[in-house]
Amino acid sequence: ERSFGERQVLKGIDLHIPAGQFVAVVGRSGCGKSTLLRLLAGLDQPSRGRLNTGHGPLEAVRDDIRLMFQDARLLPWKRVIDNVGLGLSGNWRQQAEEALAAVGLGERAHDWPAALSGGQKQRVAIARALCMHPSVMLFDEPTSALDPQMVGEVLETICSLAQEGMTMLIVTHEMQFARDISSRVAFMHNGVILE
């Protein structure tokens, strides 16, 4: 559960996600979807209840979880390859190049973020997350800030990750995408998973 003062945003959420499963969470704005992601990513703490993995508290594996926001959050003064390598140490360039190739942007490594479309920026952000070798990826409305023609390329990238067996949870308004691609769809309403 998660409350903010008197307002209870999440109420008795019980969601089990097996390793390798792709779960979509859908529901109206304000129903608690993003709050759920923030709890899973460790950006917030539950008011009541526990977050667990199959081996103990979720907190113990927090470094294996990456949250993708609605916007790419790239640094405009760093080239694409350097944005992907943020937070990496040692000889990271090959790793960053491989991650860019995995999202179909290997040829854009030395471009500035300003030269990319919105969909390409989101794919660079996904590449940056992949460099951390996460076991779980969380996506918070990754296509909401994109023009319709750019949505497809980001969703295609997410689908390819799902096919590789990565555990993922996506909050989305793309109902057709949620039904077609995810293993399960959780429908939230007023802080509760209805079905």
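Residues numbered from 1 in each chain as written. Predicted model: local features only at pLDDT ≥ 70, side-chain atom pairs only at ≥ 80, totals over all residues. Heavy atoms only, no water.

(A) Representation of the nonpolar core within the structure. One finds Leu100, Ile126, Phe139, Ile158 and Met168 to be the most contacted residues of the largest nonpolar core, which totals 41 residues. For this core, the secondary structure elements donating two or more residues are β3 (22–26), α2 (80–84), α3 (93–102), α4 (118–130), β7 (136–140), α5 (148–163), β8 (167–171) and α6 (175–181). Ranked by the residues each element gives to this core, the list is headed by α5, at 8 residues. Excluding residues within four positions of it along the chain, Met168 makes contact with Gln21, Phe22, Val23, Met137, Phe139, Ile158, Leu161 and Ala162. Counting residues in hydrophobic clusters, the runner-up holds 17 residues, among them Val25, Leu58, Leu138 and Ala186. (Core = buried A, V, L, I, M, F, W, Y, C linked by side-chain atoms within 4.5 Å. Buried < 20%, exposed > 50% of the residue type's maximum accessible area, 1.4 Å probe, protein only. Helix = DSSP H or I, 4+ residues; strand = E, 2+ residues; numbered from the N terminus. Contact = heavy atoms within 4.5 Å.)

(B) A look at the environment of Asn52. Residue placement: Asn52 occurs in strand β4 (residues 52–53). Taking relative accessible area as the criterion, Asn52 reaches 45% and is therefore assigned partly exposed. Separated by 12 residues in the primary sequence, Asn52 and Leu40 have C-alpha atoms spaced 9.6 Å apart.

(C) View of the sheet that holds strand β6 (residues 65–68). Across the sheet, 6 strands lie side by side as β6-β7-β8-β3-β9-β10; this open sheet has mixed pairing. Every interior strand has two partners, whereas the edge strands, β6 and β10 (192–193), have only one. Examined bridge by bridge, β6 and β7 share 4 bridges and lie parallel to one another. Among the inter-strand pairings, Arg66 is bridged to a residue of β7, identified as Met137. Here helix α1 (residues 33–41) sits on the sheet in contact with β3, β6, β7, β8 and β9 (184–189), set at roughly 150° to β7. Against the sheet, α4 contacts β6 and β7, and its axis sits at roughly 170° relative to β6. (Pairing = 2+ DSSP bridges. Axes fitted to C-alpha atoms, helices over the stretch in contact; angles between N-to-C directions.)

(D) Structural context of unusual backbone geometry. One non-glycine residue with positive phi stands out, namely Glu141, at about 45°. Among the secondary structure elements, Glu141 is positioned in the loop between β7 and α5. Overall, the relative accessible area of 5% leaves Glu141 in the buried class. Unlike most non-glycine residues, Asn190 shows phi in positive territory, near 50°. Along the chain, Asn190 turns up in the loop between β9 and β10. Exposure remark for Asn190: the relative accessible area of 46% places this residue in the partly exposed category.

(E) Seen up close, the environment of Thr167. Looking at where Thr167 falls in the secondary structure, it is placed in strand β8. For the pair Thr167 and Val23, spaced 144 residues apart in sequence, the C-alpha to C-alpha distance is 8.3 Å. If sequence neighbours within four positions are ignored, Thr167 has contacts with Ile17, Pro18, Ala19, Gly20, Gln21, Ser135, Val136 and Met137.

(F) View of the pairing of β7. Burial analysis of β7 places 4 of its 5 residues in the buried class, which makes it a mostly covered element. Relative to β8, β7 is paired through 5 bridges, and the arrangement is parallel. Counterpart to Phe139 in the pairing with β8 is Ile170.

(G) A look at the pattern of salt bridges. Within the structure shown, the criterion is met by 4 salt bridges. The partner of Arg2 in a salt bridge is Asp44, and the shortest N-O contact between them spans 3.0 Å. With Arg2 in strand β1 (residues 2–4) and Asp44 in the loop between α1 and β4, this residue pair connects regions lying 42 residues apart in the sequence. Residue class for Arg2 comes out buried when judged on its relative accessible area of 15%. The buried category is assigned to Asp44, whose relative accessible area is 14%. Between Arg108 and Asp111 there is a salt bridge, with the nearest N and O atoms lying 2.3 Å from each other. Owing to a relative accessible area of 18%, Arg108 belongs among the buried residues under this scheme. For Asp111, a relative accessible area of 24% corresponds to the partly exposed category. (Salt bridge = Lys/Arg side-chain N within 4 Å of Asp/Glu carboxyl O.)

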